[in-house]
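One-letter residues, chain by chain:
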Amino acid sequence: MEFGDFRLNMAAFQADYTDIQLVFRQGVVPLLFNAGEARIKGFEAEASYRPFGGLMLDAGFSILDDEILEITPVPGATATVAPGDDLPLTPSFQGNFSVAYEFELDDRFTITPRFDGSYTSRVVFITGSVPVIEQEGYFVGNAAIEFGVDDRWKIATGISNLFDEQYLIQGN
């Protein structure tokens, strides 16, 4: 029995940071100092499967566990974070998938519709997060169609953010 082509990549990692840059405040002025230690542990995987014909399935995910471990006091400034706080721009989960099928129209031409999507869990944008500028988890879907000629030329068109999801990409 033929099961098609399958590829799986996985990685586990840990990154330890010393003198990480953190935001402190002098009055209302935010200042950046190398003043802390942090750790990120993670696991990620991606898979690609071509079971039969022109069907193409792809998926991936990442899991992060991040933490500020220690804050170095800065004279005259107030820390905006504490040990145990999340690091900015490190969502605990991200996942993605895509489904496509390549139809052979004849010996020279193909057409491939595709749908893909990605989910990102809650994201904080600055250390010492401010809830009004945190982004809760969100899903973004996309659709595309590709026209191919002679396995040499391709032209594609698509719609990004098919469901018109609104989400923050930065906050301060």
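Residues numbered from 1 in each chain as written. Predicted model: local features only at pLDDT ≥ 70, side-chain atom pairs only at ≥ 80, totals over all residues. Heavy atoms only, no water.

Draft legend 1. Seen up close, the overall build of the protein. A tally of regular secondary structure across the protein gives 0 helices and 11 strands. Mapped from its N terminus to its C terminus, the protein presents α and β elements in the order β-β-β-β-β-β-β-β-β-β-β. For the protein, the C-alpha radius of gyration of 22 Å lies well beyond 16 Å, the compact-globule estimate for 172 residues. Sorting the 172 residues of the protein into buried and exposed places 30% on the buried side. Per element, the accessible surface of the protein, about 11,100 Å² overall, is 56% carbon and sulfur. Seen as two clouds, the 10 positive and the 26 negative side-chain charges of the protein have centres 4 Å apart. (Helix = DSSP H or I, 4+ residues; strand = E, 2+ residues; numbered from the N terminus. Rg over C-alpha atoms; globule rule 2.2 N^0.38 Å. Buried < 20%, exposed > 50% of the residue type's maximum accessible area, 1.4 Å probe, protein only. Areas by Shrake-Rupley, 256 points an atom, 1.4 Å probe, with all protein chains shown as cover. Lys, Arg positive; Asp, Glu negative; His and termini not counted. Charge placed at Lys NZ, Arg CZ, Asp CG, Glu CD.)

Draft legend 2. Seen up close, the pattern of salt bridges. Enumeration over the complete set of coordinates arrives at 9 salt bridges. One salt bridge in this structure joins Arg 122 and Asp 86, with 3.4 Å as the shortest N-O distance. Of the two residues, Arg 122 is situated in the loop between strand 9 (109-120) and strand 10 (138-149) and Asp 86 in the loop between strand 6 (78-79) and strand 7 (93-101); the sequence distance between them amounts to 36 residues. The class of Arg 122 is partly exposed, set by a relative accessible area of 33%. (Salt bridge = Lys/Arg side-chain N within 4 Å of Asp/Glu carboxyl O.)

Draft legend 3. Inspection of the sheet that holds strand 3 (residues 29-34) at higher detail. Here we have 3 strands laid out as an open sheet, ordered 3-2-6, and antiparallel in their pairing. Two strands close off the open sheet at either side, each with one partner strand: strand 3 and strand 6. The sheet contact formed by strand 2 (residues 21-26) and strand 6 spans 2 bridges and is antiparallel. Residue pairing in the sheet places Arg 25 in a bridge with Thr 78 of strand 6. (Pairing = 2+ DSSP bridges.)

Draft legend 4. Molecular detail of unusual backbone geometry. Positive phi outside glycine occurs at Leu 89, with the angle close to 55°. Overall, Leu 89 belongs to the partly exposed group, its relative accessible area being 48%. Notably, Asp 150 is not glycine yet its phi reads approximately 55°, a positive angle. Here Asp 150 lies in the loop between strand 10 and strand 11 (153-159).

Draft legend 5. Layout of the nonpolar core. Judged by nonpolar contacts, the single largest core of 13 residues is most densely connected at Leu 22, Phe 24, Ile 68, Ile 71 and Leu 87. Sorting the residues of this core by element identifies strand 2, strand 4 (36-50) and strand 5 (55-71) as the ones contributing at least two each. When residues of this core are assigned to their parent elements, the largest contribution, 3 residues, is made by strand 5. (Core = buried A, V, L, I, M, F, W, Y, C linked by side-chain atoms within 4.5 Å.)

Distances and angles like these do not, on their own, reveal function.
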